[in-house]
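Here's the letter readout for the chains.
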Amino acid sequence: MGNIYTSAEDESTIDDVLSKGLKVKAPKWTVMRLALAHSLKMHSAPDEELDRIDKKGFDYDLEQLTGHNQGHSSTGQKQDYTDAIRGLLSVHANQDLFADDASFRRHLQRHIRRGLREFRRGWRESHDFYQFLYQELCAGVERESESRDTDLSSLLIAALGEIGVRGEITATQDGPRITRYLVHLEDPNHLDRARRGLDKITFALGLQKHGVFLTESGQPKVVGLDVPRPRSTWRTVHCQELMKWAETNPAKPSGLPLWPGVTVTGSPLSFDLTRQPHLLVGGTTGSGKSICLHTLLISLLIGVPKERLHLILIDPKKVEFAPYARANSQRIEVITDVVDANRRLAALTEEMENRTSTLESAGVRDLAEGRRKGILNLPYIVVFIEELADLIMQVPETEEHLIRLAQKARATGIHLIIATQRPDARILNGLLRSNIPSRIALMVQKSTESKIILDETGAERLTGAGDMLLRLSGEPIVRLHGVLVTEDDSTAVIRNEGRS
Ligand SMILES: Nc1ncnc2c1ncn2[C@@H]1O[C@H](COP(=O)(O)OP(=O)(O)O)[C@@H](O)[C@H]1O
Ligand SMILES: [Mg+2]
């Protein structure tokens, strides 16, 4: 029936998962079936690119992968899953793959290879593979008792009573992931009590870790209590929505608009990077940092005219920005080697000095003014760093360059977007931190980590999967749910890149 091919990279992923992840002696198809399951959980179709293999790895026959023709009728235990897998793929592709063997084989290969690619992207060897799999495969599969759509009003009133807050619920409002209960307080002085008692309310609602947040409504005695709903009821925000927002709100000539996600009540939010002027994104592994970076990147790629933007994407993990490297675009540099990255950042500080003197001699304040007056037609440069810790631990000098850029690059149109899963003092030196006042905190493990990222607690109570707290310089914190950008979305955006 034909074979399934893997690339050399896929093979090394399979080996890594077996030796460092599962740590058991198991056949390779174990990993490939896990990869298939992982890919089937994603809603988009796997990219056709996956048919192409640059450096060949291995070929497998269906006997190995799906147990084709391997029924064990004597024991009554059937091990041929070919029909089951064919059925699942047909549903996923909305196409009858029973009628077309070649097409079935192609779909199967695409899914397995996409799953393996997701393992490369999402799992780090230093992390527990079982935990990673559990999160990836079981996220969204709630126990039945949790997905019962109960109205929590009476529980909430009881929980408020426990902490000495009296009031009544006047309205509820469903956002993409939370339900907001508007509570009319009997006594406005109870607001602080409610705020202090949020952990107890969370506990009383049986929500354990993912917390209830309090939002002031603007009316003196009314507060919103934002209660997370079970995952099965969440509405995912997809890349198509981001594209629509960006296209219907063209960037101002001096702007770099970013669209990180929607507010808890579902309205899109955008801000201008040039005003921040840099951004730090922190959160634990699996909280949605990389996807958040993709969202910001895509906001810029579709929202800012080509000649106005140059991107430097630094990715020591080598996988995250790979689709952009394939674009072969002059204005997108992808750097995966830490020494190269350090060299590039050093050169960028020189470029910043040059730009500064050009601005000074032209007598203009900043790049935006220079562009407006037609004196200086340089593009903005936005640097994305996928994992700050990898960079700084391996090449400590990079920190100095980053600090200089964070301190001085603003006027010259050079901006940094830096992500890290290690928001600790060692990685986020005080000087770097204080020069990047705008922050996004995705879910973290401990409230101390939330404090390092945001200067406030709260991120430890987020629900994960792109749930975030955004603090723009000088503004109150806003909670957002991020856009889910997939690799296929990035590939599609990049395809347009080629047509410039
Ligand atoms: N905005 C989002 N909406 C829905 N799910 C998301 C979102 N962001 C992240 N996720 C989920 O979380 C997983 C981990 O995201 P990722 O960006 O790789 O995390 P990190 O880089 O922090 O390790 C994703 O594979 C996806 O399942
Ligand atoms: Mg990541």
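Read on for a plain summary of the structure. Quick caveat, the model's predicted, so the values are computed rather than measured.

The rules behind each value
Residues numbered from 1 in each chain as written. Chains lettered and ligands numbered in written order. Predicted model: local features only at pLDDT ≥ 70, side-chain atom pairs only at ≥ 80, totals over all residues. Heavy atoms only, no water. Helix = DSSP H or I, 4+ residues; strand = E, 2+ residues; numbered from the N terminus. Rg over C-alpha atoms; globule rule 2.2 N^0.38 Å. Buried < 20%, exposed > 50% of the residue type's maximum accessible area, 1.4 Å probe, protein only. Contact = heavy atoms within 4.5 Å. Axes fitted to C-alpha atoms, helices over the stretch in contact; angles between N-to-C directions. Parallel < 35°, antiparallel > 145°, perpendicular 65-115°, else oblique. Left-handed = near helix turned anticlockwise from the far one by under 90°. Nonpolar A, V, L, I, M, F, W, Y, C, P; charged D, E, K, R; others polar. Near = heavy atom within 4 Å. Polar contact = N/O pair within 3.5 Å; in protein donor to acceptor, adjacent residues only side chain to side chain. Areas by Shrake-Rupley, 256 points an atom, 1.4 Å probe, with all protein chains shown as cover. Core = buried A, V, L, I, M, F, W, Y, C linked by side-chain atoms within 4.5 Å. Salt bridge = Lys/Arg side-chain N within 4 Å of Asp/Glu carboxyl O. Phe/Tyr/Trp six-rings, centres within 6.5 Å; stacked < 30°, edge-to-face > 60°. Lys NZ or Arg CZ within 6 Å of the ring centre and 35° of its normal. Expected span 1.5 Å × (residues − 1). Bend = angle between axes of the 7 residues up to and from the residue.

**Re the overall build of the chain**
Phase 1: Helix and strand content of the chain: 20 helices and 17 strands.
Phase 2: Its C-alpha radius of gyration of 25 Å places the chain within 12% of the 23 Å reference for a compact globule of 500 residues.
Phase 3: Scored against the burial criterion, the 500 residues of the chain give a buried share of 51%.
Phase 4: Restricting to contacts in the chain with at least 6 residues of sequence separation, those with at least 24 account for 67%.

**Comments concerning the packing of helix α2 (residues 28-41) against helix α4 (residues 82-93)**
Phase 1: Across the interface, α2 lies against α4 with an axial gap of 11 Å and an inter-helix angle of 25°. Judged on the interaxial angle alone, α4 and α2 are roughly parallel. The handedness of the crossing between α2 and α4 comes out as left-handed. For the pair α2 and α4, the contacting residues are Leu36, Ser39 and Leu40 in the first and Ile85, Leu88, Leu89 and His92 in the second.
Phase 2: Of the residues contributing to the contact of α2 with α4, the split by class is five nonpolar, two polar and no charged.

**Overview of the site of ligand 1**
Phase 1: What surrounds ligand 1 is a group of 15 residues, the closest being Gly286, Lys289, Ser290, Ile291 and Gly482.
Phase 2: Within the contact set of ligand 1, an oxygen atom lies 2.8 Å away from a side-chain nitrogen or oxygen of Ser290.
Phase 3: Between ligand 1 and Ile291, the relevant distance is 2.8 Å, taken from an oxygen atom to a main-chain nitrogen or oxygen of the residue.
Phase 4: Computed on the free molecule, ligand 1 has an accessible area of 560 Å², of which 79% lies beneath the protein chains in the complex.
Phase 5: Broken down by secondary-structure element, the contributors of at least two residues to the shell around ligand 1 are α12 (289-303) and β17 (478-484).
Phase 6: In the shell around ligand 1, the residues fall into four nonpolar, eight polar and three charged.

**A few points about the nonpolar core**
Phase 1: Counting 49 residues, the largest nonpolar core has Leu311, Phe384 and Ile417 as its most contacted members.
Phase 2: Per-element tally for this core: the top contributor is α12, with seven residues.
Phase 3: Core analysis: the next-biggest nonpolar cluster, separate from the first, contains 29 residues, Ala341, Leu348, Ala389 and Leu428 among them.

**Notes on the pattern of salt bridges**
Side-chain pairs of opposite charge can arise whenever the charged atoms involved come near each other.
Phase 1: Enumeration according to the criterion identifies 34 salt bridges in this entry.
Phase 2: Between Lys56 and Asp59 there is a salt bridge, with the nearest N and O atoms lying 3.3 Å from each other.
Phase 3: Residue Arg471 pairs with Asp455 through a salt bridge whose shortest N-O separation is 3.1 Å. Placement of the pair is Arg471 in strand β16 (residues 467-471) and Asp455 in the loop between α19 (447-454) and β16, with a sequence separation of 16 residues.
Phase 4: Residue class for Arg471 comes out buried when judged on its relative accessible area of 17%.

**Concerning the packing of aromatic side chains**
Phase 1: Considering all chains together, one arrives at seven aromatic pairs under this definition.
Phase 2: Their ring planes at 80° and their centres at 5.0 Å tell us that Trp123 and Phe129 sit as a pair that is edge-to-face.
Phase 3: Both rings, one in Phe321 and one in Tyr324, keep their centres 6.1 Å apart while their planes meet at 65°; by these two values the pair is edge-to-face.
Phase 4: Through a chain of ring-to-ring contacts, three or more aromatic side chains come together here, namely Phe119, Trp123, Phe129 and Phe132.
Phase 5: Above the face of the Phe213 ring, Arg461 is positioned so that its terminal group lies 4.6 Å from the ring centre.
Phase 6: If you follow Arg479 out to its NZ or CZ, it ends over the ring of Phe213, 4.3 Å from the centre.

**Focus on helix α1 (residues 8-22)**
Phase 1: Between its first and last C-alpha atoms α1 spans 20 Å; for 15 residues at 1.5 Å apiece the expected length is 21 Å, and the two agree.
Phase 2: When the local axis directions of α1 are compared, the greatest deviation, roughly 25°, occurs at Asp16.
Phase 3: Taken together, the buried positions of α1 are Asp10, Glu11, Thr13, Ile14, Val17, Leu18, Gly21 and Leu22.
Phase 4: Backbone geometry just downstream of α1 places Lys23 in the positive-phi region, at approximately 55°.

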